[in-house]
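# A closer look at the structure
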Amino acid sequence: MTEKREYTGDYPDKTLYLPGPTEVREDVIEAMAQPMFGHRMDRMTDLYTTIVEDTREFLDTDENVIVLTASGTEFWEATTLNLVDERMLVPTSGAFSERQANVAERLGKTVDRIEYEWGEAVKPADVRAALAGSDEGYDAVGVVMNETSTGVRNPVEEIGDLLGEYPDTYFVVDAISCLGGDYIDIEAHNIDCIFTSTQKAFAMPPGLAVCTVSDDAYERELETESASWYGGFQRCLDYYDRKGQTHSTPAIPVMLAYRKQMKHMLDEGHRERDRRHREMAEYTREWARKHFALYPEAGYESQTVTCIENTRRIDVAETVEAVSEEYDMVFSSGYGDIGEESFRIGHMGEHTVESIRALTDAIEDVAGL
Ligand SMILES: Cc1ncc(COP(=O)(O)O)c(C=O)c1O
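As the structure is a prediction and not an experimental result, all values here were calculated from the model.

What counts as what
Residues numbered from 1 in each chain as written. Predicted model: local features only at pLDDT ≥ 70, side-chain atom pairs only at ≥ 80, totals over all residues. Heavy atoms only, no water. Near = heavy atom within 4 Å. Polar contact = N/O pair within 3.5 Å; in protein donor to acceptor, adjacent residues only side chain to side chain. Areas by Shrake-Rupley, 256 points an atom, 1.4 Å probe, with all protein chains shown as cover. Nonpolar A, V, L, I, M, F, W, Y, C, P; charged D, E, K, R; others polar. Domains from an automatic or database assignment. Buried area = accessible area lost by both parts, 1.4 Å probe. Salt bridge = Lys/Arg side-chain N within 4 Å of Asp/Glu carboxyl O. Helix = DSSP H or I, 4+ residues; strand = E, 2+ residues; numbered from the N terminus. Pairing = 2+ DSSP bridges. Axes fitted to C-alpha atoms, helices over the stretch in contact; angles between N-to-C directions. Contact = heavy atoms within 4.5 Å. 1 Å grid on protein atoms, 1.4 Å probe; cavity = no way out; pocket = protein on both sides within 12 Å on 5 of 7 lines; lining within 4 Å. Points joined across faces, edges and corners; volume = space filled by probe spheres on them. Buried < 20%, exposed > 50% of the residue type's maximum accessible area, 1.4 Å probe, protein only. Parallel < 35°, antiparallel > 145°, perpendicular 65-115°, else oblique.

By nearness alone, 14 residues border the ligand, and Ser71, Thr73, Thr148, Ser197 and Lys200 come closest of all. Contact distances for the ligand include 2.9 Å between an oxygen atom and a backbone N or O atom of glycine 72. With respect to the ligand, the side chain of lysine 200 contributes an N or O atom lying 2.6 Å from an oxygen atom. For the ligand, the protein covers 87% of the area, taking 390 Å² as the surface of the free molecule. Residues belonging to the shell around the ligand are distributed by class as follows: four nonpolar, eight polar and two charged.

In structure tokens:
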């Protein structure tokens, strides 16, 4: 049993280089400190319609948008329940894609995996072969765009393009650790649902999840026996259409923060945000190659999270701890079983090449590189 450890409120501020939560601007944090208002007041309609429409503008999409009080995990469940009656195809290449497959199984669906070694990317040709080789076909294909555990960016655009030949198979993309920092044209690549959580490249506090829903996916839910209640596309979107509000009480303070940050994101623009993230990723990869090696398969490196292979056998846990103690900067050890074999730098959200360089300088100092 875990024992209570009293929260003292007395902790040093740390700069976060995690693959989420990440740094949040000061004015975005301040936006949350307002007196409460009711979720059925007109003010709520102003707030919710603003964040939904601003998100559509930012993502450059005409698809429906849901902003739900939940972490991103909710949309693994909701997209599966809403779109899949029987069978789902999930390529697995790391902890999060394995979890997406496990979630669908737990929900009673038949899941076919295409299994890759950790660090490898999903290959569109394998997805094509699995689709072509299946007699019954699949209700949906679920792909993790940015495998946070291995720092792999999967070619979801190409997978979406080939799915154009399978109109009855819905395409679900978990873009939790990259959306907002890695541009994607949603409609051009047949993506029915793509989702993220606010604490990642959107650089907001945690507490909300965002999902786009194609009209076809919305219609599909009508025929699905298992459709979700809380994450039901229709419940969420019909409530928005009728009232401009959410079907149940949302995390209002986080929505206030969302509104503020989405204005900053619109000012910068999605393409420019993509460019800045690419610059950070290139800088981090170059540093990693100089001192270590990259964990992901060449050519599939993430734009928001660099996973570094610990070729020098430094003590990762000790280095993370020392950088936190001495520099008040927090980065991540490797995920799960590859905890000491690798480590991860989250370069997402509001970070810049300069702020990432401050971390790599600190690592060099602590690890004696
Ligand atoms: C790729 C991916 N999928 C799903 C999740 C789960 O997201 P959340 O913690 O917001 O539920 C994460 C969290 O890191 C992730 O990186």
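Let's pick the thread back up.
Assigned domains within the protein: domain 1 (15-22 + 270-367) and domain 2 (26-266). When each unit is reduced to the centre of its C-alpha atoms, the spacing between domain 1 and domain 2 is 26 Å. Taken together, both faces of the contact between domain 1 and domain 2 bury some 2400 Å²; the carbon and sulfur share is 57%. Contact with domain 2 buries area across many residues of domain 1, yet His270, Tyr300 and Tyr335 alone supply 31% of it, more than any other trio. There are one salt bridge connecting domain 1 and domain 2. Linking lysine 123 and glutamate 297 is a salt bridge whose minimum nitrogen-to-oxygen distance equals 3.0 Å. Here domain 1 and domain 2 share 18 residue pairs in polar contact (both at pLDDT 80 or more) between them. Those elements that provide at least two residues to the side of domain 1 that touches domain 2 are α10 (270-291) and β12 (305-309). It is α10 that provides the largest number of residues to the side of domain 1 that touches domain 2, a total of five residues.

Looking now at the sheet that holds strand β8 (residues 170-174). As summarised here, the arrangement of the seven strands in space is β2-β10-β9-β8-β5-β3-β4, forming an open sheet in which the pairing is mixed. One side of each edge strand has no neighbouring strand; the edge strands of this open sheet are β2 (64-69) and β4 (110-115). Going from strand to strand, the sheet's axes swing by 20° on average, the running direction of each strand aside. Pairing of β8 with strand β9 (residues 193-197) involves three bridges; the strand directions are parallel. Across the sheet, the residue bridging to valine 173 is isoleucine 194, located in β9. Against the sheet, helix α4 (residues 95-106) makes contact with β3 (87-92), β4, β5 (140-144) and β8, and its axis sits at roughly 160° relative to β3, the strand it touches most.

A separate point is the layout of surface pockets. Here the largest pocket defines a volume of roughly 270 Å³. Lining the largest pocket, in full, are Asp13, Lys14, Thr15, Leu16, Pro21, Thr22, Glu23, Val24, Glu26, Ile29, Pro205 and Pro206. Elements that contribute at least two residues to the lining of the largest pocket include exactly β1 (15-16) and α1 (26-30). Of the residues belonging to the lining of the largest pocket, the class tally is six nonpolar, two polar and four charged. The residues that make up the lining of the largest pocket include at least three from each of domain 1 (15-22 + 270-367) and domain 2 (26-266). The volume enclosed by the second largest pocket comes to roughly 230 Å³. Residue lining of the second largest pocket: 16 residues in total, with Asn190, Ile191, Asp192, Ser214 and Asp216 positioned closest to the centre. Going through the elements one at a time, β8 and α7 (215-223) are the ones with two or more residues in the lining of the second largest pocket.

Let us look at the pattern of salt bridges. Once their charged atoms are close, side chains differing in charge can pair, the charge on each being opposite to the other. Taken as a whole, this structure holds 21 salt bridges when the rule is applied. For glutamate 350, the salt bridge goes to arginine 25, with nearest N and O atoms at 3.0 Å. With glutamate 350 in the loop between β15 (342-346) and α12 (353-367) and arginine 25 in the loop between β1 and α1, this pair connects stretches of sequence that are 325 residues apart. Ionic pairing is found between arginine 113 and glutamate 105, a salt bridge with its closest N-O pair at 2.8 Å. Residue classification places arginine 113 among the partly exposed positions, given a relative accessible area of 29%. Owing to a relative accessible area of 34%, glutamate 105 belongs among the partly exposed residues under this scheme.

Our focus in this paragraph is the sheet that holds β12. Two strands in a sheet stick together by hydrogen bonds in their backbones, pointing the same way (parallel) or opposite ways (antiparallel). An order of β11-β12-β15-β14 is seen for the four strands of this open sheet, with the pairing classed as antiparallel. Looking along the sheet, the strands with just one partner apiece sit at the ends: β11 (293-294) and β14 (332-333). The sheet contact formed by β12 and β15 spans five bridges and is antiparallel. Along β15, the bridge assignment pairs isoleucine 308 with phenylalanine 343.

Here the focus is the packing of α7 against helix α8 (residues 233-243). Their axes nearest at 9 Å, the elements α7 and α8 cross at an angle of 125°. Classified by the interaxial angle, the pair formed by α7 and α8 is oblique. Of α8, the residues touching α7 (which contributes Ala217, Tyr218, Glu221 and Leu222) are Phe233, Gln234, Leu237 and Asp238. When grouped by side-chain class, the residues that make up the contact of α7 with α8 number five nonpolar, one polar and two charged.

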